[in-house]
Structure formats: structure tokens, C-alpha cells
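# Chains, contacts and geometry: an overview
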Amino acid sequence: MNNTFQTGYVALIGKPNTGKSTLMNALIGEKVSITAHRPQTTRHQILGIKTTDNYQCIFVDTPGLHDDNHKAIHRYMNRAAASMFTEADLICVLLDVKRFNRNDEKILQRVSKFEKVIVVLNKIDQVTRAACLPMMKQIAEFAPGREIVPVSALKRDNLDRLETLIVAQLPPGAPQFPDDQITDKSMRFITAEIIREKLFRVLKQELPYSITVNIDHYKEETDLTRISATVWVERSSQKGIVIGKNGSLLKKIGSLARTDIERLLDTQVYLQLWVKIREGWADDEKSLAAFGYSDANPSH
Ligand SMILES: Nc1nc2c(ncn2[C@@H]2O[C@H](COP(=O)(O)OP(=O)(O)OP(=O)(O)O)[C@@H](O)[C@H]2O)c(=O)[nH]1
Ligand SMILES: [Mg+2]
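Everything quoted here is computed from the prediction, not taken from an experiment. (Residues numbered from 1 in each chain as written. Chains lettered and ligands numbered in written order. Predicted model: local features only at pLDDT ≥ 70, side-chain atom pairs only at ≥ 80, totals over all residues. Heavy atoms only, no water.)

Close to ligand 1 lie 23 residues; Lys20, Thr22, Gln40, Thr41 and Asp125 are nearest. Asn17 places a polar main-chain atom, nitrogen or oxygen, 3.0 Å from an oxygen atom of ligand 1. For ligand 1, the protein covers 91% of the area, taking 650 Å² as the surface of the free molecule. Residue classes in the shell around ligand 1 are distributed as five nonpolar, 14 polar and four charged. (Near = heavy atom within 4 Å. Polar contact = N/O pair within 3.5 Å; in protein donor to acceptor, adjacent residues only side chain to side chain. Areas by Shrake-Rupley, 256 points an atom, 1.4 Å probe, with all protein chains shown as cover. Nonpolar A, V, L, I, M, F, W, Y, C, P; charged D, E, K, R; others polar.)

Below, the structure is given as C-alpha cells:
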């Protein structure tokens with residue numbers, strides 16, 4: 001290893017649904033963070049690590065910053081996002097090209113005192129080039145002197161340029177993780193997240209926000225991994241909805257999750273799902289801690 005090796009933490013921050021998790025997965029080339037078309041999908045800080053011969057870039061996916069602080073879980077999510085501001089070597093602020101508003105302006109304002117900031121204008125596949133340029137001008141007013149990089153995380157458009165700009169800002173330093181490690185999270189954690197992703201995708205309206213997933217058993221056998229997980233809901237009325245008629249919805253969620261988990265683990269998976277009620281868990285500090293939403297244990 002030569003002595004110009006670069007290592008650094010790159011925080012991906014922004015409003016909910018701007019594409020932070022999609023971008024991190026695209027940059028490291030593996031899916032470690034779940035994504036959904038609804039806001040407030042990500043609840044924890046999740047590292048995505050990319051190591052080459054010359055650098056180790058440690059991306060930090062964060063929950064979307066939002067003003068909704070009415071439940072304990074929302075406050076936890078905002079804390080998980082904001083704690084990265086001071087710790088990161090570089091901050092990437094993600095904006096959705098079609099949804100730039102006052103909340104983005106506030107975030108740009110919050111990071112204005114930091115030295116290393118890149119503004120990533122995401123989802124440019126959804127607008128014409130002609131519409132993109134005036135957006136960049138408008139954004140530049142709120143981020144004077146900052147590099148603004150238009151990309152499409154979904155279509156992987158302009159990500160090479162973004163990566164070059166990011167790497168240029170990484171400080172010199174030895175790698176912090178082994179070169180084959182792509183995340184700080186356990187397979188157990190990612191498995192729970194995959195199940196939560198399917199709940200986000202299959203269930204309607206607000207229900208996914210009342211749900212958390214806990215892995216009860218996780219056992220690797222020779223050709224099979226046995227996983228048993230509980231889907232925790234907040235109210236008894238929600239239990240029936242998650243299960244669906246004759247268990248049809250839970251079956252569908254389980255089957256979608258199993259396919260993804262099998263791909264990730266590269267082995268056959270036996271997945272058992274249970275649905276249980278814990279009244280008001282999302283606004284109860286004790287339950288949050290029990291479910292891994294704990295500042296003391298951010299890597300879960
Ligand atoms: N068209 C388009 N959609 C995108 C792009 N990037 C992300 N998306 C979509 O935007 C939605 C939100 O993406 P996520 O990656 O979950 O967004 P996030 O910022 O992590 O959201 P939170 O975790 O809720 O803060 C998903 O439906 C993605 O498929 C993009 O470049 N183009
Ligand atoms: Mg996310």
C-alpha cells in the first residue's frame with residue numbers, strides 16, 4: 001500500500017425520499033440499504049464501504065431530515081441523520097430535481113458552515129436538460145461556491161464524475177475496514193431491513209410507519225439459513241391488515257423478502273414471519289431501545 005491512500009466518511013444527507021439510499025447502493029455496487037417510493041424509509045445510519053487500491057470511501061446513509069418530530073422514533077431518526085454533520089469528512093446533500101423546496105433550502109443553510117460539501121441534484125432522468133440548468137442556478141443561490149452535480153442514482157448517470165469529486169476530497173489515511181467489507185451492519189440487520197422494505201412496498205398508506213421488524217432466530221446450516229422474524233405493529237387493528245385474507249398478504253411479503261435474502265446470502269432460506277402487537281412502540285423509548293433504535297447502539 002502506498003502512503004497516499006485516502007480514507008474518509010462521506011455523509012449522504014437530505015430530505016426524505018431524495019434518493020440517498022439508492023445512491024449509496026449504486027456507488028458501492030451492492031444493495032445494503034433499503035429503498036421505497038415513500039419518504040422516511042431509512043431509520044438508521046448505515047455504512048456502505050467501497051475500497052479500491054487507492055482509497056476507501058465510507059458512505060453513511062442517513063434517515064431523511066424532516067420536521068415531523070411528534071413521535072420518539074422520528075426524533076431518533078433526525079438525531080441519527082444530524083449526528084453525521086460534524087463527524088463526516090465530506091457531506092453530500094441530496095436534492096430531488098423535481099421537489100426542491102424550502103426544506104432543502106434549510107438543509108443547505110445548515111451545512112453552509114462546513115468546509116467540504118457537495119450538492120447532488122438527483123433524479124435528473126425525470127426532467128429535460130433544459131429544465132435542469134435553471135434548477136442548478138436556483139440551487140446555487142442557496143449553496144454559493146459549492147459544486148452542484150446533477151446525477152441519476154437510479155439510471156447510474158454521471159456517478160463516475162460524482163465519485164471522482166468525492167474521492168478528491170477524501171483525506172489521506174489508512175483504511176478503517178477490511179477491503180472485502182461492504183457495510184457495518186450484520187446480515188441479521190439487513191435481513192430485517194429487507195423484510196421492512198417489502199412491508200413498505202406492499203402495504204398501503206401509513207401502515208409501514210407503524211411497523212418494525214425483529215429477527216428472533218437466525219441459524220446458518222450447511223445449505224440453508226433458517227430465519228424467524230416478528231413484524232411488530234402498534235395496534236391490534238393493524239395485525240389483521242398485515243396478515244391479509246387467509247394470510248395472503250403476509251405470504252406475499254415473506255416470499256418477496258425470501259427471494260431477496262436468498263440472493264444476498266447466496267443460499268436457500270427458510271423464512272418464518274410472525275405478526276405481534278406492541279401498543280405504541282414507536283413513541284415509547286423503552287420499546288425503541290429493545291428494537292434497536294438506540295443512540296448507544298447505532299450499528300445494531
Ligand atoms: N426517477 C428516479 N427515481 C429515483 C432516483 N433515485 C432514487 N429514486 C427513487 O426515489 C425513491 C426514494 O429513494 P430512496 O433511495 O429510498 O430515498 P431516500 O432518500 O433514501 O429516502 P429516505 O430513506 O426515506 O430518506 C425510490 O422510489 C427510488 O427508486 C433517480 O435517480 N431517478
Ligand atoms: Mg433511505
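Back to the text.
To continue, consider unusual backbone geometry. Positive phi, close to 70 degrees, is recorded for Lys123, a residue that is not glycine. With respect to the secondary-structure elements, Lys123 resides in the loop between β5 (117-122) and α5 (129-142). Positioned with a positive phi, Asn246 is a non-glycine residue whose angle comes to about 55 degrees. Considering the arrangement of structural elements, one finds Asn246 in the loop between α8 (236-243) and α9 (248-265). (Helix = DSSP H or I, 4+ residues; strand = E, 2+ residues; numbered from the N terminus.)

Time to look at the coordination of the magnesium ion (ligand 2). Within the protein, the magnesium ion (ligand 2) binds to Ser21 (OG) and Thr42 (OG1); these donor distances fall in the range 2.0 to 2.1 Å. With Ser21 in helix α1 (residues 20-28) and Thr42 in the loop between α1 and β2 (46-51), this residue pair connects regions lying 21 residues apart in the sequence. You can call Thr42 buried: its relative accessible area is 6%. (Donors = N, O, S within 2.8 Å, 3.2 Å for Na, K, Ca; no water. Buried < 20%, exposed > 50% of the residue type's maximum accessible area, 1.4 Å probe, protein only.)

With mixed pairing, three strands are arranged side by side in an open sheet as β7-β8-β9. Two strands close off the open sheet at either side, each with one partner strand: β7 (212-220) and β9 (268-277). Looking at each pair of strands side by side, their axes are set apart by 20 degrees on average, direction ignored. Sheet contacts for helix α7 (residues 187-202): β7, β8 (224-233) and β9; angle to β7, the most-contacted strand, approximately 135 degrees. (Pairing = 2+ DSSP bridges. Axes fitted to C-alpha atoms, helices over the stretch in contact; angles between N-to-C directions. Contact = heavy atoms within 4.5 Å.)

Attention shifts here to the domain arrangement of the protein chain. A common measure of how large an interface is: the accessible area buried when the components associate. When the domains of the protein chain are assigned, the result is domain 1 (6-168) and domain 2 (187-290). Here domain 1 and domain 2 have C-alpha centroids that lie 27 Å from each other. On the domain 2 side, the residues contacting the 18 residues of domain 1 number 24 residues. Contact with domain 2 buries area across many residues of domain 1, yet Ile34, Arg38 and Arg43 alone supply 38% of it, more than any other trio. (Domains from an automatic or database assignment. Buried area = accessible area lost by both parts, 1.4 Å probe.)

Glancing now at the nonpolar core. Ranked by size, the top nonpolar core spans 53 residues in total, and within it Ile195 and Val242 carry the most contacts. Top element by residues in this core is α7. It accounts for seven residues. Summarising the domain contributions, this core has at least three residues from each of domain 1 (6-168) and domain 2 (187-290). Ignoring sequence-local partners within four residues, the contact set of Val242 consists of Leu199, Leu203, Leu207, Ile211, Val231, Val233, Leu249, Leu250, Ile253 and Val275. Judged by nonpolar contacts, the second largest core, of 31 residues, contains Ala81, Phe100, Ile124 and Met135. (Core = buried A, V, L, I, M, F, W, Y, C linked by side-chain atoms within 4.5 Å.)

This part is about the pairing of β2. As defined by bridge partners, β2 adjoins strand β3 (residues 55-61) across six bridges and the pair is classed as antiparallel. Paired with Ile49 across the two strands is Ile58, which belongs to β3. Between β2 and β3, which pair antiparallel and follow one another directly, the connecting turn spans three residues.

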